[in-house]
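# Topology and contacts: notes
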Amino acid sequence: PAIVETGYVNTRRNGALCGLASAAVALGLAELLAVLTGARSAPLVAVGGVVVDSVPASVKEFAVRVFYTHDKQALLIGTGILVAVFAAVVGILAVRRLSYGLAGVALLGVVGAIAALTRHGASWTYALPSVVGAIAGAAALVVLRARLVALDAPRPVAAKPPGAKLAGAKPAAATSATAKPAGTRLAGRRPGGPATADRQAVDRASGDRAAGRRRQFLQLAGGVLGAGVVVGIAGRWLATRRNVAAARAGVSLPVPRDPAPPLPAEVDMRIKDLAPFVTAAGEFYRIDTALTVPQVDPATWQLRIFGRVRNPMTLTYAQLLARPMIERYVTLACVSNEVGGNLIGNARWLGVPIKDLLDEVGPLDGADQLVSRSVDGFTAGSPTAALRDGRDAMLAVAMNGQPLPVNHGFPVRMVVPGLYGYVSATKWLAEWELSSFADFDAYWARRGWSPQAPIKTESRIDTPGNGASRARGTVVVAGVAWAQRRGISKVEVRVDDEPWQPATLAAVPSIDTWRQWSWAWPAKPGRHRLTVRATDNAGQTQPEDEVPPAPDGATGWHRVDVSIS
């Protein structure tokens, strides 16, 4: 009788591999197509954007606390892991029935397309990367699944006469026993002989062929998976090459009509580990909802001002640069900054006064909120009165003497002293709509954060850090304090439960920047707790009780523990 050859495979493991390879093809091709249709049309980015828009504020706040400025990367990685798990399950199901796998791939494509179409400013082309990618992924799944199923299909092998030599088999030992039909056993003889040897040779040959087919499948699946990853990386690389770096480099900044005053020499104490007075652009914190940094060409940029105004207008970038500009040092702070946190920075900004533009468009009665929109749809609601009360609120075009970095809003962003960023610091600005707080809730207000968000008086110890060790003697304790629109008048430091000691304050150019401070501590051996508190020019001392950032900013005294030897 014929001998049946089978190629046993781990169906679950290799089915998962089929699913992963198919998903890699789908996502990789989608990333490549998104170079043409826009970065926000890529499935992972689009789905991640929906997650950012949909999750409760507490989840977003948790992500900022845990990942800080890497929250976006964490979201994209997490989304990718979820897609990989789903793809593996789809591949396993596809081995049982192809229709299950195709339905799973189609679901991925539909979810990606719908998510892309929900993005602000999306056109029908935003759905193309997900749709085309899903078709390619389905094709890859069909091919890989067919190869995998073929591995377990029985393969008949022609039977050989007893004693016949199989290719690759060793010659059987000579015997004088009479050949018996297959399965017959000679009386008094142990199993063996030419029939058994032939069967063993067939088994070895069958195993070698099955192993070869398995290797071919793994090579094919691995190649498809690798190709998908390479295509995806290439797409992401091409997307980064299609940026506005060249356009930014070609911007010629105007000379400000009202330049920033020269900084006093005493503005920066230059103490090791103390935050410098001016934060470099590369060190400036970034918290926003954009999973991919918008690439806005200044040649096509426009600001549309509409809503409850007498004179709607639209400004181009060239028209904005031609307007009189001011230059100021302003400290910006994120409402997510916890006590002692570093989601705060100080820079020199150049821009057009917001008050001048509002005076031109003429807000109507009741237009107590200016809703600013980013090119990606993010909204912030700023009190109109705060933008017209004389503070140096501006449409900024430069940071520290250079055109705005792309990460920080190039070509135009808002800078408003004294308000937390979530109600004022819109980057990649596209629209202004004059509205009212009664009629519209901006992005974070809809999530339970306070619509009115003045920055609170706070202070921080930069050195020594928490858990640091120092030798006995004089130890320099230093940090920064801030109370934008009020300014800092006093900073005090306490060791354990001893009396408060006044710190030395650095000079500042205005009340809208943070202020460095230092204190020479005659440290004695032991473990000690250092505490700092600040008082603003209005006479208000920051409260001791620590509260979390939500819904309108953290408060509390910053404390660090230090060991003195």
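Coordinates for the structure precede this section.
Here the structure is a predicted model, which means the values were calculated and not measured. The numbers attached to residues start from 1 for each chain and follow its sequence in the written order. Local features in this predicted model are restricted to residues whose pLDDT is 70 or higher, and side-chain atom pairs enter the listing and the counts only when it is 80 or higher, whereas totals over whole chains, interfaces and linings include all residues. With hydrogens and water excluded, all non-hydrogen atoms of the structure serve as input to the side-chain values.

Secondary structure elements are taken from DSSP: a helix is a run of H or I of four residues or more, a strand is a run of E of two residues or more, and numbering for both begins at the N terminus. Per the secondary structure count, the chain includes 11 helices and 21 strands. Relative accessible area decides the class of each residue, using a 1.4 Å probe on protein chains only: under 20% of the type maximum gives buried, over 50% gives exposed, and in between gives partly exposed. Sorting the 565 residues of the chain into buried and exposed places 49% on the buried side. In this description, contact between two residues means that some pair of their heavy atoms is separated by no more than 4.5 Å. Counting only contacts in the chain whose residues sit at least 6 apart along the sequence, the fraction spanning at least 24 positions is 77%. Counting only carbon and sulfur atoms, one obtains 58% of the accessible surface of the chain, whose full area is about 26300 Å². Accessible surface area values rest on a Shrake-Rupley calculation with a 1.4 Å probe, where residue burial reflects the displayed protein chains alone.

For the rest of this paragraph, the subject is the environment of Leu 27. Considering the arrangement of structural elements, one finds Leu 27 in helix H1 (residues 11–37). Residue classification places Leu 27 among the partly exposed residues on the basis of a relative accessible area of 25%. Taking the C-alpha atoms as reference, Leu 27 lies 8.4 Å from Pro 129; in sequence the two are 102 residues apart. Setting aside chain neighbours within four positions, we find Leu 27 in contact with Pro 43 and Val 83.

Right, let's get into the sheet that holds strand S14 (residues 468–470). Here, any two strands with at least 2 DSSP bridges between them count as paired. Taken in spatial order, the 5 strands of this open sheet run S14-S21-S20-S16-S17, and their pairing is mixed. Each of the sheet's edge strands pairs with one partner strand only, and the pair in question is S14 and strand S17 (501–502). Pairing between strand S20 (residues 526–536) and strand S21 (residues 558–564): 7 bridges, direction antiparallel. Its bridge partner lying in S21, Arg 529 is registered against Asp 561.

The next thing to look at is the nonpolar core. Within this scheme, the nonpolar core is defined by two criteria: the residues are buried Ala, Val, Leu, Ile, Met, Phe, Trp, Tyr or Cys, and they are joined through side-chain atoms within 4.5 Å. If you look at the biggest cluster of nonpolar residues, it comprises 84 residues, and the most contacted ones within it are Trp 349, Ile 354, Leu 395, Val 397 and Trp 432. Of all the elements, strand S9 (residues 394–399) adds the most residues to this core, at 6 residues. Apart from the residues lying within four places of it in its own chain, the contact partners of Val 397 are Leu 253, Tyr 317, Leu 320, Leu 321, Met 325, Leu 350, Gly 351, Gln 402, Pro 403, Leu 404, Pro 411 and Val 412. Within the second largest apolar cluster, 20 residues are counted, among which are Val 491, Trp 519, Leu 530 and Val 560.

What the 4 strands build is an open sheet, ordered S13-S15-S19-S18; its pairing is antiparallel. Lying at the two open borders of the sheet, with one neighbouring strand each, are strand S13 (458–463) and strand S18 (504–505). By the bridge criterion, 9 bridges tie strand S15 (residues 473–482) to strand S19 (residues 515–523) in an arrangement that is antiparallel. Paired with Thr 474 across the strands is Pro 522, a residue of S19.

Bringing the packing of aromatic side chains into the picture now. In summary, the pairing rule links any two rings of Phe, Tyr or Trp, Trp by its six-membered ring, whose centres are within 6.5 Å, and it sorts them by plane angle into stacked for under 30 degrees, edge-to-face for over 60 and tilted for everything else. By the definition in use, this model includes 10 aromatic pairs. Taken together, a centroid distance of 5.9 Å and an interplanar angle of 85 degrees make the contact between Phe 284 and Trp 349 edge-to-face. With Phe 284 in the loop between helix H8 (245–249) and strand S3 (302–307) and Trp 349 in strand S6 (residues 344–353), the pair connects residues that are 65 residues apart, well separated along the chain. Across this residue pair, the class does not change: Phe 284 and Trp 349 are buried. Three or more aromatic residues joined by ring pairs form one cluster here, namely Phe 378, Tyr 422, Tyr 443, Trp 444 and Trp 449. Consider the ring centre and the ring normal. A charge sits over the ring if Lys NZ or Arg CZ is within 6 Å of that centre and within 35 degrees of that normal. Above the face of the Trp 500 ring, Arg 533 is positioned so that its terminal group lies 4.1 Å from the ring centre.

With that settled, consider helix H5 (residues 98–117). An expected span of 1.5 Å times one less than the residue number is assigned to each helix. Over its 20 residues, H5 runs 29 Å from end to end, which matches the ideal 28 Å to within 8%, given 1.5 Å per residue. For H5, the secondary structure elements touched by its buried residues are helix H2 (43–54), helix H4 (71–96) and helix H6 (128–151).

The subject of this paragraph is the pattern of salt bridges. Criterion for a salt bridge: a side-chain nitrogen of Lys or Arg within 4 Å of a carboxyl oxygen of Asp or Glu. Summed over the entire model, instances satisfying the criterion amount to 22 salt bridges. Across the pair Lys 355 and Asp 359 runs a salt bridge, and its minimum N-O distance is 3.0 Å. Here Lys 355 pairs with Asp 359, and both are found in helix H10 (residues 354–361), just 4 residues apart, close to one helical turn. Judged by its relative accessible area of 36%, Asp 359 falls in the partly exposed class. Notably, a salt bridge pairs Asp 389 with Arg 391, separated by 2.8 Å at the nearest N-O pair. Classification of Asp 389 as partly exposed rests on a relative accessible area of 42%. Accessibility expressed as a relative area gives 14% for Arg 391, which makes it buried.

Inspection of the secondary structure puts Tyr 420 in the loop between strand S11 (413–415) and strand S12 (429–435). In this structure Tyr 420 comes out as buried when scored by relative accessible area, which is 5%. A C-alpha to C-alpha distance of 5.6 Å links Tyr 420 and Cys 334, two positions 86 residues apart in sequence. Once residues within four sequence positions are removed from consideration, Tyr 420 is found in contact with Ala 333, Cys 334, Val 335, Ala 453, Pro 454, Ile 455, Lys 456, Asp 552 and Gly 553.

Attention now goes to the environment of Val 25. Mapped onto the secondary structure, Val 25 falls in helix H1. When the C-alpha atoms of Val 25 and Gly 232 are compared, they prove to be 8.2 Å apart, with 207 residues separating the residues in sequence. Once residues lying within four places of it in the same chain are set aside, the contact partners of Val 25 are Ala 136, Gly 137, Ala 140, Val 224 and Gly 228.

A few words on the packing of H5 against H6. Interaxial distance between H5 and H6 falls to 8 Å at its minimum, and their mutual angle equals 165 degrees. Judged by the inter-axis angle, H5 sits roughly antiparallel to H6. The chirality of how H5 crosses H6 is right-handed. From H5, Leu 98, Gly 101, Leu 102, Val 105, Gly 109, Gly 112 and Ala 113 reach across to H6, where they touch Ser 130, Val 131, Ala 134, Gly 137, Ala 138, Leu 141, Val 142 and Arg 145. Gly falls in the polar group here, along with every residue not listed as nonpolar (Ala, Val, Leu, Ile, Met, Phe, Trp, Tyr, Cys, Pro) or charged (Asp, Glu, Lys, Arg). For the contact of H5 with H6, the per-class residue count stands at 9 nonpolar, 5 polar and 1 charged. To obtain an axis, a line is fitted to C-alpha atoms, over the contacting stretch when the element is a helix, and the angle between two such axes runs from 0 to 180 degrees between their N-to-C directions. Working definition: roughly parallel below 35 degrees, roughly antiparallel above 145 degrees, roughly perpendicular at 65 to 115 degrees, and oblique for all remaining angles. In this scheme the handedness of a crossing depends on how the near helix is turned from the far one: anticlockwise by less than a right angle means left-handed, clockwise means right-handed.

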